[in-house]
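Residue-level structure breakdown
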Amino acid sequence: MREQKIQIKNKEGENLIGIEVFPEEEKTKYPTVIMVHGFAYYKEEDGIFVEAGKRLAEIGIASYRFDFSGCGESEGDYSKTTLSKLRDDLASILEYVKSAPTTDIERIGILAQSFGTTTTIALSPKVKSIILMGSFMNGEEILKRHFGKSYNPNGISVLNHSDGRITKIEPEFWKDFKNHSMPHLLKEMNCSLLLIHGSNDDIVPISSMEEIYKNANQPKEKIIVEGADHSMIPKREEVYKIVVEWFTKTLKNSSK
């Protein structure tokens, strides 16, 4: 496995920092997976994306993971983020990956976690294969519940994370949800789709994933991982195997 840090500019001129990961075997082009992290989080996604990148490299698939603007190492103010801003960041990342000489543009996939799944649906990307983990498209409802008493649609909403971080969000974040017709955007996605959800997810109910499944186009599959929480703990090993098998089938071994 070979990896290096990269940076690209989003539509607002902010630097987005990412990691590109390539298989050890050098080839002209690789099937490639973009990893999309969740709300106010990092490109590592608590280690899930780091390990998934290693596993994919072992089977000949390259990957990219990025910090959204205002997160991790990337520039920007996350308090001013919106779903539209995140969608545009992802569009810039996808454009960069598609333009990379090492990318097989007919074999691009996306692996998204939590609010990263909402961002992915908002973009409705033209790719070959997508995995959505802990997925939801009712973003305002889920995040309002997550903020609890600190939800303030007319002022500053404050979220205290379990690791001590504090995320502040301005009112435009909540207002922007009305600019996205999520079921319509989901219908515009035409790719192989896999939904993975933990049976013990206490942040996003299984019903939110089921709503996506009901509205998504074929081909589609869903897997409930018994005993896994929203971060797929303690069943990550099982999840990595599912991810590798899915992208082997839909990217590496599929016809273009």
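Here, every reference points to the structure presented above.
Bear in mind that the values here come from a model prediction, so they are computed numbers and not experimental data.

1. Thoughts on the overall build of the protein
The secondary structure content of the protein amounts to 8 helices and 10 strands. Computed over its C-alpha atoms, the radius of gyration of the protein comes to 17 Å, within 12% of the 18 Å expected for a compact globule of 256 residues. With the C-alpha coordinates aligned to their principal axes, the bounding extent of the protein is approximately 50 × 40 × 35 Å. Taken across its 256 residues, the protein has 56% of its residues classed as buried. Within the protein, counting contacts between residues at least 6 apart in sequence, those at least 24 apart form 69% of the total. About 11000 Å² of surface is accessible on the protein, with carbon and sulfur atoms providing 48% of the total. Between the mean site of the 34 positive side-chain charges and the mean site of the 38 negative ones, the protein shows a separation of 3 Å.

2. What to know about the packing of aromatic side chains
Counted under the stated rule, the structure contains 16 aromatic pairs. With centroids separated by 5.6 Å and ring planes inclined at 70°, the aromatic side chains of Phe-39 and Tyr-78 adopt a geometry described as edge-to-face. Pair noted here: Phe-39 is in the loop between strand S3 (30-36) and helix H1 (48-58) and Tyr-78 is in the loop between strand S4 (62-66) and helix H2 (83-99), with a separation of 39 residues, a long-range link. Look at Phe-39 and you get buried, because its relative accessible area is 9%. Of the residues examined, Tyr-78 reaches a relative accessible area of 8% and is grouped as buried. Their ring planes at 75° and their centres at 5.8 Å tell us that Phe-39 and Phe-147 sit as a pair that is edge-to-face. With a gap of 108 residues between them, Phe-39 in the loop between S3 and H1 and Phe-147 in helix H4 (residues 139-147) connect regions that are remote in the sequence. Joined through ring pairs, the aromatic side chains of Phe-39, Tyr-78, Phe-115, Phe-136, Phe-147, Tyr-151, Phe-173, Trp-174 and Phe-177 make up one cluster. Over the aromatic face of Tyr-213 sits the side chain of Lys-220, whose NZ or CZ is 4.7 Å from the ring centroid. Stacked on the ring of Tyr-213, the Lys or Arg Lys-222 has its end atom at 4.6 Å from the ring centre.

Here is what the cut-offs are and how they apply
- Residues numbered from 1 in each chain as written.
- Predicted model: local features only at pLDDT ≥ 70, side-chain atom pairs only at ≥ 80, totals over all residues.
- Heavy atoms only, no water.
- Helix = DSSP H or I, 4+ residues; strand = E, 2+ residues; numbered from the N terminus.
- Rg over C-alpha atoms; globule rule 2.2 N^0.38 Å.
- Buried < 20%, exposed > 50% of the residue type's maximum accessible area, 1.4 Å probe, protein only.
- Contact = heavy atoms within 4.5 Å.
- Areas by Shrake-Rupley, 256 points an atom, 1.4 Å probe, with all protein chains shown as cover.
- Lys, Arg positive; Asp, Glu negative; His and termini not counted.
- Charge placed at Lys NZ, Arg CZ, Asp CG, Glu CD.
- Phe/Tyr/Trp six-rings, centres within 6.5 Å; stacked < 30°, edge-to-face > 60°.
- Lys NZ or Arg CZ within 6 Å of the ring centre and 35° of its normal.

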